[in-house]
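# A closer look at the structure
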Amino acid sequence: MLLSVHDLAVARGGVPVLEGLSFALAPGEALILRGPNGSGKTTLLRTVAGLQPPLAGRIDAASDAIAYAAHADGLKATLTVTENLTFWARVFGTGDIAPALAAFALEDLADRPAGALSAGQKRRLGLARLLVTGRPVWALDEPTVSLDTAAVGLFADAVRAHLARGGAALIATHIDLGLEARHFDVAVCKASPRAAAEDEAFL
Amino acid sequence: MIALLARDLRLAVRAGGGFGLGLAFFLIVTVLVPFGVGPETELLARIAPGILWIGALLACLLSLDRILALDWEDGSLDLLATAPLPLEALVSLKALAHWITTGLPLVLVAPALGVLLSLPAEGYLWILVSLALGTPALSVIGTFGAALTVGIKRGGLLLSLLVLPLYVPTLIFGAEAARRGAEGFSTATPLALLAGITFGTIALLPFASAAVLRINLR
């Protein structure tokens, strides 16, 4: 198992959001997280990525297994596409960025400052970062926001190739990516009443 | 690690990166002082070390909120926190990048600005030495303040209020060393205390900065 989660409870701002989550990801598997806005998908992904401690339960994964991609792409507007991607490749200690540029059709934009890219192009660059991390488990939060149909296709291909290489993916999304994947509705794990209503704006 | 330092330095010299901002501020403050206190060279010579130190400190303060806030806003801080780089190393590198882009230029121009304040010739060396020894502490303490305020929108003023009191010991011993040097006295004691502050903060504060950053990232 690349990632297994046992009876996990997660909280946002001290308020329990989800509880009793259990799932596991083997090499080659993808799990699609579903659930309405504010149901706790982002909180779950941030917990799995290690950015916040779980309220209860256990997450078993190698410390260097998870590559996280958030709503924000973490791009520097004044660096070019190549410089942005090379930076992440060096941080994660991997070398070649050419396959990542190719996978997301960014070759023609390689020398463009990231600030001059469109929203969809920025997203593609943000997703290309996943390929240069060289990590087996992708934890992705709404990866297809602002992508057009062709780019969604590129992304789905990249995920398929990643799974074929023995990787795994945990994806929160509202659209159908056409992947062979299990679906998991986080709403069934909604935490008990105290968690409800008021703080949903922060989820 | 080198990659992060190289990126921060590159970002600083690109458009809007803020390199030179602190330097220009330092220059203007120093030039304004003689207009404010009058052109008497004796008075200026006496207050020159203190003015140069306060100017350097304020110039340093000016760029503190860029250390972590920019990375927080565009999401790269979250991504860096999940990268194979300990947060302690991250904050140390951020402080180092801040010192190279802000502190080091201040150190190098301070003797030249001393001329504008008719600093005695013996003082040039000591203002250089005291700033070189003291400004790393300013960057490290500032990074701690930046880590404390990282989640707060427009947290610049709060950051200044938090950090300025922490700058007091550095200022006291730094300015004292420069003043004694300029007046021809021994500078050993204030310099030793200044070095103690600098090395102490470099050794300990990154752990505190990383701890508060971890909490702020939740």
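With an unreviewed UniProt entry as reference, chain B is termed Heme exporter protein B, source organism Rhodosalinus sediminis. Its UniProt record gives chain B the following Sequence similarities (unreviewed entry) comment, quoted word for word: "Belongs to the CcmB/CycW/HelB family." Note on chain B: under the UniProt heading Function (unreviewed entry), the record states "Required for the export of heme to the periplasm for the biogenesis of c-type cytochromes."

Per an unreviewed UniProt entry, chain A is named Heme ABC exporter ATP-binding protein CcmA, and its organism is Rhodosalinus sediminis.

Now for the interface of chain A and chain B. Contacts between the two partners involve 20 residues from chain A, matched on the other side by 21 residues from chain B. Where the side of chain A that touches chain B is concerned, the elements lending two or more residues are strand E5 (66-69) and helix H2 (81-91) of chain A. Grouping the amino acids of the side of chain A that touches chain B by side-chain chemistry returns 11 nonpolar, five polar and four charged.

With that settled, the discussion passes to the pairing of strand E6 (residues 137-141) of chain A. Each regular strand carries side chains that alternate between the two faces of the sheet. Residue and element names in this part refer to chain A. In terms of burial, E6 is largely enclosed, as five of its five residues are buried. Both faces of E6 are covered, namely the face carrying Val-137, Ala-139 and Asp-141 and the face carrying Trp-138 and Leu-140. Of the strand pairs in this sheet, E5 and E6 are connected by four bridges, and their pairing is parallel. Following the sheet pairing, Tyr-68 is matched in E6 by Ala-139. For E6 and strand E7 (residues 168-172), the ladder comprises five bridges, and the chain directions are parallel.

Glancing now at the nonpolar core. Core analysis: the largest hydrophobic core is formed by 121 residues, its most contacted members being Leu85(A), Val137(A), Ala139(A), Leu170(A) and Ala56(B). Every residue in contact with Ala139(A), bar those within four places of it in the chain, is listed here: Leu45(A), Val48(A), Ala49(A), Ile66(A), Tyr68(A) and Leu170(A).

Let's shift gears to the pairing of strand E2 (residues 15-25) of chain A. Residues and elements named next belong to chain A. Examined bridge by bridge, strand E1 (residues 3-12) and E2 share seven bridges and lie antiparallel to one another. Opposite Val-5, over in E2, you have Phe-23 as the bridge partner. Linking two consecutive strands that pair antiparallel, namely E1 and E2, is a turn of two residues; a positive phi of about 60 degrees is found at Gly-13 within it.

Rules and cut-offs
Residues numbered from 1 in each chain as written. Chains lettered and ligands numbered in written order. Predicted model: local features only at pLDDT ≥ 70, side-chain atom pairs only at ≥ 80, totals over all residues. UniProt positions renumbered as here; feature names shortened; annotations may be inferred. Contact = placed C-beta atoms within 7 Å. Helix = DSSP H or I, 4+ residues; strand = E, 2+ residues; numbered from the N terminus. Nonpolar A, V, L, I, M, F, W, Y, C, P; charged D, E, K, R; others polar. Buried ≥ 20, exposed ≤ 12 C-beta atoms within 10 Å, placed from the backbone. Pairing = 2+ DSSP bridges. Core = buried A, V, L, I, M, F, W, Y, C linked by C-beta atoms within 7 Å.

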